[in-house]
Amino acid sequence: MTTRPAKTAQRLIITCMKNEGPFILEWVAHHRALGFDHILVFTNDCDDGTVELLDALAARGYVTRMDNPYQEMGSGYNPQKGALKFAEGLDLVREAEWVLVSDVDEFVNIHVGDGDLDSLFAATGDPDMISMQWRLFGNSFRDSYEDVLLTQQHTYCAPKYCPAPIQAWGIKTLFRTRGDHVAGGYDRIGVHRPLKRRIEGMPNWVAGTGKPVPEDMADQGWRFGIRDHGYDMVTLNHYAVRSTESFLVKRDRGRVNHVERDQGLAYWMRMNFNMEQDLTIQRRLPATKKELTRLKRLKGIKALHDAAVTAHRSKITELMARDDMKAFYEEISSAKLTLLSRHLNFVSRAQFNDGPDAISPDLIRRLEQVPVL
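Residues numbered from 1 in each chain as written. Predicted model: local features only at pLDDT ≥ 70, side-chain atom pairs only at ≥ 80, totals over all residues. Heavy atoms only, no water.

(A) Examining the overall build of the protein more closely. Scanning the protein from N- to C-terminus turns up 14 helices and 13 strands. What you see for the protein is a C-alpha radius of gyration of 20 Å, in line with the 21 Å of a compact globule of 373 residues. Principal-axis analysis of the C-alpha atoms places the extent of the protein at approximately 60 × 45 × 45 Å. Each of the 373 residues in the protein was classed as buried or not, and the buried ones make up 56%. Sequence-distant contacts in the protein: of pairs separated by 6 or more residues, those separated by 24 or more amount to 77%. Taken as a whole, the protein presents about 16,000 Å² of accessible surface, with 47% of it coming from carbon and sulfur. Mean positive and mean negative side-chain charge positions of the protein (49 and 50 charges, respectively) differ by 2 Å. (Helix = DSSP H or I, 4+ residues; strand = E, 2+ residues; numbered from the N terminus. Rg over C-alpha atoms; globule rule 2.2 N^0.38 Å. Buried < 20%, exposed > 50% of the residue type's maximum accessible area, 1.4 Å probe, protein only. Contact = heavy atoms within 4.5 Å. Areas by Shrake-Rupley, 256 points an atom, 1.4 Å probe, with all protein chains shown as cover. Lys, Arg positive; Asp, Glu negative; His and termini not counted. Charge placed at Lys NZ, Arg CZ, Asp CG, Glu CD.)

Okay, structure coming up:
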């Protein structure tokens, strides 16, 4: 089934989902409270209530859901890139004023004014593009899944200056479409930013610091470097692992972009940062909770959310009954990896790529002597 697209959207998020049912309502409520007015969702073989919940929201005009057509786009397209290619031809996308490609584990966190989109546009001088750098949030030492807001539970994250891994420098970009063609003159919508092989004139493009993005980023690049990084005006909080139990479900379902890569020990180590606490997004909790309460009062929505929560818990139980997943859970929740998550600044880029087996016992012994802040 594909729900009928909304006729118009001024501030649109495009996303792909597979089995994200328990996390949808918070994400929708948070971003609606910021000022986004519609979400285009491409779903991929969901069996946890994701489709049912999205279709109920679509019937009320909050989202547009489509079965992901990436297999019809020809060879060379994975689920996410195929969906974005298809989206470029939709009037819903072409006629929007602003578009953001974002995942359901990414939350826009605005630090200026009232913390909403209007404040961000005003503070950045109403640019054409705003690139928000990821800040990697860990499991906050929470192994068990609970149906509690992610932004309320998960407060531990990477430091503001985080040389490695390279994912700590990744960006997502809110861009003005200009209406008449894709991405204001760019050739196509990319996962991290609009893309163009050759550029004629630099758009008014700012980083999360509010400073201009250098021209050598125009043709390519999915992450910032030391000159561009920062979170002065806006951060993209990236809750890539959530709880340890929920990460088992994420690993089992696979990826929509790098589909050939396993979300194993190396992925867990480089994304599970528990080094500092950051509570800045919580100033938006009253607005998010107000919108969430309103959504749950719509007929059938709360029941569909609760059913997705039940399905998520059942999946965790199923996975924990498998010897391989039980062993994986025990390793990622071990004292060693929990300790590392507090001190990932001691890990090199090569070690992040190779995973925890590359960490020497000597380093672990030394980290055990480091005081916990």
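(B) Geometry of the environment of leucine 265. Note that leucine 265 resides in helix α8 (residues 265-271). Once the C-alpha coordinates of leucine 265 and glutamate 146 are considered, the two residues, 119 residues apart in sequence, prove to be 23 Å apart. Excluding residues within four positions of it along the chain, leucine 265 makes contact with Phe328, Glu331, Ile332, Leu337 and Pro356.

(C) Up close: helix α1 (residues 24-34). In terms of burial, α1 is largely enclosed, as nine of its eleven residues are buried. Among all positions of α1, only Ile24, Leu25, Glu26, Trp27, Val28, Ala29, His30, His31 and Leu34 are buried. Following α1 by one or two positions, glycine 35 adopts a phi angle in the positive range, close to 125°.

(D) View of unusual backbone geometry. Geometrically, the link from alanine 164 to proline 165 is a cis peptide bond, its omega value of 5° lying close to zero. In this structure, proline 165 sits in the loop between β7 (156-157) and β8 (171-176). Residues other than glycine seldom take positive phi values, yet phenylalanine 141 does so here, at roughly 65°. Turning to its location among the elements, phenylalanine 141 is positioned in the loop between β6 (129-136) and α6 (150-153).

(E) Seen up close, the pairing of strand β3 (residues 63-67). Among the five residues of β3, four are classified as buried, and the element is accordingly described as predominantly covered. Pairing between strand β2 (residues 38-43) and β3: five bridges, direction parallel. Bridge pairing in β3 links threonine 43 to aspartate 67. What joins β2 to β3 is helix α2 (residues 50-59), and the crossover it makes is right-handed. (Pairing = 2+ DSSP bridges. Right-handed = clockwise from strand over helix to strand, strands pointing away.)

(F) Molecular detail of the side chain of arginine 176. Structurally, arginine 176 is set in strand β8. Judged by relative accessible area, which is 16%, arginine 176 ranks as buried. Polar side-chain contacts of arginine 176 include one of 2.8 Å to the side chain of aspartate 126. Among the polar contacts listed, one links the side chain of arginine 176 to the backbone oxygen of proline 127, at a separation of 3.1 Å. (Polar contact = N/O pair within 3.5 Å; in protein donor to acceptor, adjacent residues only side chain to side chain.)

(G) Representation of the packing of helix α7 (residues 244-253) against helix α11 (residues 323-332). Remark: α7 packs on α11, axes separated minimally by 10 Å, with the N-to-C direction vectors making an angle of 130°. As far as their axial angle goes, α11 and α7 are oblique. Considering the relative orientation of α7 and α11, their crossing is right-handed. Mapping the contact onto sequence places Thr244, Glu245, Phe247, Leu248, Arg251 and Asp252 in α7 and Met325, Phe328, Tyr329 and Ile332 in α11. Split into classes, the residues belonging to the contact of α7 with α11 amount to six nonpolar, one polar and three charged. (Axes fitted to C-alpha atoms, helices over the stretch in contact; angles between N-to-C directions. Parallel < 35°, antiparallel > 145°, perpendicular 65-115°, else oblique. Left-handed = near helix turned anticlockwise from the far one by under 90°. Nonpolar A, V, L, I, M, F, W, Y, C, P; charged D, E, K, R; others polar.)

(H) Spotlight on the nonpolar core. Counting residues in hydrophobic clusters, the biggest one holds 81 residues, and the most contacted among them are Trp27, Phe36, Leu57, Val108, Ile110, Leu174 and Leu340. Among the elements that line this core, the one with the most residues is α1, at six residues. Among the nonpolar cores identified, the runner-up in size contains 26 residues, and Ala9, Phe175, Met217 and Phe224 belong to it. (Core = buried A, V, L, I, M, F, W, Y, C linked by side-chain atoms within 4.5 Å.)

Coordinates in, geometry out; function isn't part of it.
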